[in-house]
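Chain and residue survey
Residues per chain are reported as follows:
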Amino acid sequence: MAVVKADAYGHGLVGSAKAAVEGGASWLGVAFIEEALALRVAGLDVPILCWLMAPGEPLVAAVAADVDLSASAPWAVAEIAQAATAAGRVARVHLKIDTGLSRAGATAADWPDLIEAGLKAQAEGSVRVVGVWSHLVHGDDPMHPTTAAQIAVFTEGLRFAEQAGVEPEVRHLANSGSTLCLPATHFDLVRPGIAVYGLTPAPVIGSAESFGLRPAMTLRARLALTKKVPADTGVSYNHRYRTANATTLGLVPLGYADGIPCAAANTAEVLVRSGNSTWRRPIAGTVCMDQFVVDLGDIDADVREGDDVIVFGPGDDGEPTAQDWADALGTISYEVVTRIGIRVPRVFVG
Ligand SMILES: *Cc1c(COP(=O)(O)O)cnc(C)c1O
């Protein structure tokens, strides 16, 4: 299952989902019903699991579109069953057990009630329980002892469900980290997200390269303006950067509305490319809503408006990666790629 929630981790929902299916994914996973319906509208016909909803969401549309739904509590099973009756078809449901994350899922104590609700709805003909599943606490560190405890709770929950009469088509637990590192979590289906986009789930368990992954997203802009300024020129709001020498400034038309974090001011680097030459340059001063500035320094003679600025990419030309940005800003690559804003066109290159 390729996880394509959050606009395919910022990469573009439909294009990424199509690429994943062409690449061999037999399932797609999303958080919200709107995401699942957008995939169906775009013609994707593989099984889709959708796992996060509050009461009163468009379940009839989801069931009518043959979207598998997750239930963590009896009320959710009841809502899905009602929607199935309204849609005139059988809803496919995955029952979720909370094996320790304390996010979605029924606790082990509440699991028997959830199983009972699922089997009752199944007996009435509105629902078919097709999956049993859970999610890991230390998905980014699959060797953590908590993971073994979760596998044990999951296995016990499965045994209970099967003895009660549940016949799951798929049992699933693993995200990217455990897909890459821990076969004991694989069961019938794995749910990698970040690894599908070529990024490591956690540098501590291995670099993207060490897993044979290649970052899919390159964030590129073109210089909107270059100009010469003297030494000690204050740059951008609040003059948080001052030029050390006479230099050339480059204006990059990407800002925090496009996903460049404000915390990148005077910290994160971009790659400027002119012809065959490239230079790494830090962001100079405050990141604004639509733009930021780089101090081009002694490269000024070569660089002009229209030249490429690579914010991050696979690293082939020496540009930073999304992981480098995450490291510089004290966050995770997931946040760097998912926050790229809607003004940035997604262009699929293969
Ligand atoms: C987001 C998510 C995944 C994918 O996680 P990665 O760490 O990106 O591999 C898998 N399962 C669930 C339930 C999720 O919410």
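Everything below is about the structure printed above this text.
Residues numbered from 1 in each chain as written. Predicted model: local features only at pLDDT ≥ 70, side-chain atom pairs only at ≥ 80, totals over all residues. Heavy atoms only, no water.

**Thoughts on the environment of Arg89**
Within the secondary structure, Arg89 is located in the loop between α5 (74-87) and β5 (91-96). Arg89 sits in the partly exposed class, given a relative accessible area of 37%. Once the C-alpha coordinates of Arg89 and Asp66 are considered, the two residues, 23 residues apart in sequence, prove to be 8.8 Å apart. When near neighbours in sequence (up to four residues on either side) are disregarded, Arg89 contacts Val63, Ala64, Asp66, Ala84 and Ser126. Looking at Arg89, its side chain comes within polar contact range of the main-chain oxygen of Ala64, at 3.3 Å. (Helix = DSSP H or I, 4+ residues; strand = E, 2+ residues; numbered from the N terminus. Buried < 20%, exposed > 50% of the residue type's maximum accessible area, 1.4 Å probe, protein only. Contact = heavy atoms within 4.5 Å. Polar contact = N/O pair within 3.5 Å; in protein donor to acceptor, adjacent residues only side chain to side chain.)

**Some thoughts on the environment of Phe154**
In this structure, Phe154 sits in helix α7 (residues 145-164). Judged by its relative accessible area of 0%, Phe154 is buried. Residues Phe154 and Gly100, 54 residues apart in the sequence, show an inter-C-alpha distance of 9.7 Å. What Phe154 contacts, discounting residues up to four positions off in sequence, is Ile97, Thr99, Val132, Trp133, Ser134, Arg171, His172, Leu173 and Phe187.

**Here's the deal with the site of the ligand**
Around the ligand, the surrounding shell holds 14 residues, and the nearest of these are Lys5, Tyr9, Ser176, Gly193 and Tyr334. Here a nitrogen atom of the ligand and a side-chain polar atom of Arg191 are 3.0 Å apart. Contact distances for the ligand include 2.8 Å between an oxygen atom and a backbone N or O atom of Ile194. Mapping the ligand onto the cavity grids shows that it belongs to the second largest pocket. Partitioning the shell around the ligand into residue classes produces 7 nonpolar, 4 polar and 3 charged. (Near = heavy atom within 4 Å. 1 Å grid on protein atoms, 1.4 Å probe; cavity = no way out; pocket = protein on both sides within 12 Å on 5 of 7 lines; lining within 4 Å. Sits in = over half its atoms within 2 Å of the grid points. Nonpolar A, V, L, I, M, F, W, Y, C, P; charged D, E, K, R; others polar.)

**With respect to the packing of aromatic side chains**
In total, this model carries 4 aromatic pairs according to the counting rule given. Look at Tyr9 and Tyr334: their rings are 6.0 Å apart centre to centre, the planes differ by 35°, and that puts the pair in the tilted class. Note that Tyr9 is positioned in helix α1 (residues 5-9) and Tyr334 in helix α10 (residues 333-338), a separation of 325 residues in sequence. Accessibility expressed as a relative area gives 7% for Tyr9, which makes it buried. Arranged with centres 4.9 Å apart and planes meeting at 80°, the rings of Phe154 and Phe187 form a pair that is edge-to-face. Here the residue Phe154 occupies a position in helix α7, and Phe187 occupies one in the loop between α8 (176-181) and β8 (189-190), the gap between them amounting to 33 residues. What makes Phe187 partly exposed here is its relative accessible area of 28%. Three or more aromatic residues joined by ring pairs form one cluster here, namely Tyr9, Tyr197 and Tyr334. The ring of Trp133 carries the charged tip of Lys96 above its face, separated from the ring centre by 3.9 Å. (Phe/Tyr/Trp six-rings, centres within 6.5 Å; stacked < 30°, edge-to-face > 60°. Lys NZ or Arg CZ within 6 Å of the ring centre and 35° of its normal.)

**Some thoughts on the sheet that holds strand β16 (residues 292-295)**
Taken together, the 3 strands give an open sheet; going across it, the order is β10-β13-β16, and neighbouring strands pair in antiparallel fashion. The sheet terminates laterally at β10 (225-229) and β16, the two strands that pair on one side only. This sheet shows a mean twist of 30° between the axes of neighbouring strands, independent of strand direction. (Pairing = 2+ DSSP bridges. Axes fitted to C-alpha atoms, helices over the stretch in contact; angles between N-to-C directions.)

**Quick look at the pattern of salt bridges**
If you walk through the whole model with that rule in mind, you get 16 salt bridges. As a salt-bridge pair, Asp308 and Arg220 come within 3.2 Å of each other at their nearest N and O atoms. A residue pair is termed long-range when its members are at least 10 positions apart, and Asp308 in strand β17 (residues 308-312) and Arg220 in strand β9 (residues 219-222) qualify at 88 residues. The exposure class of Asp308 is buried, given its relative accessible area of 16%. Note that Asp308 and Arg273 form a salt bridge whose closest N and O atoms lie 3.0 Å from each other. Pair noted here: Asp308 is in strand β17 and Arg273 is in strand β14 (residues 269-274), with a separation of 35 residues, a long-range link. (Salt bridge = Lys/Arg side-chain N within 4 Å of Asp/Glu carboxyl O.)

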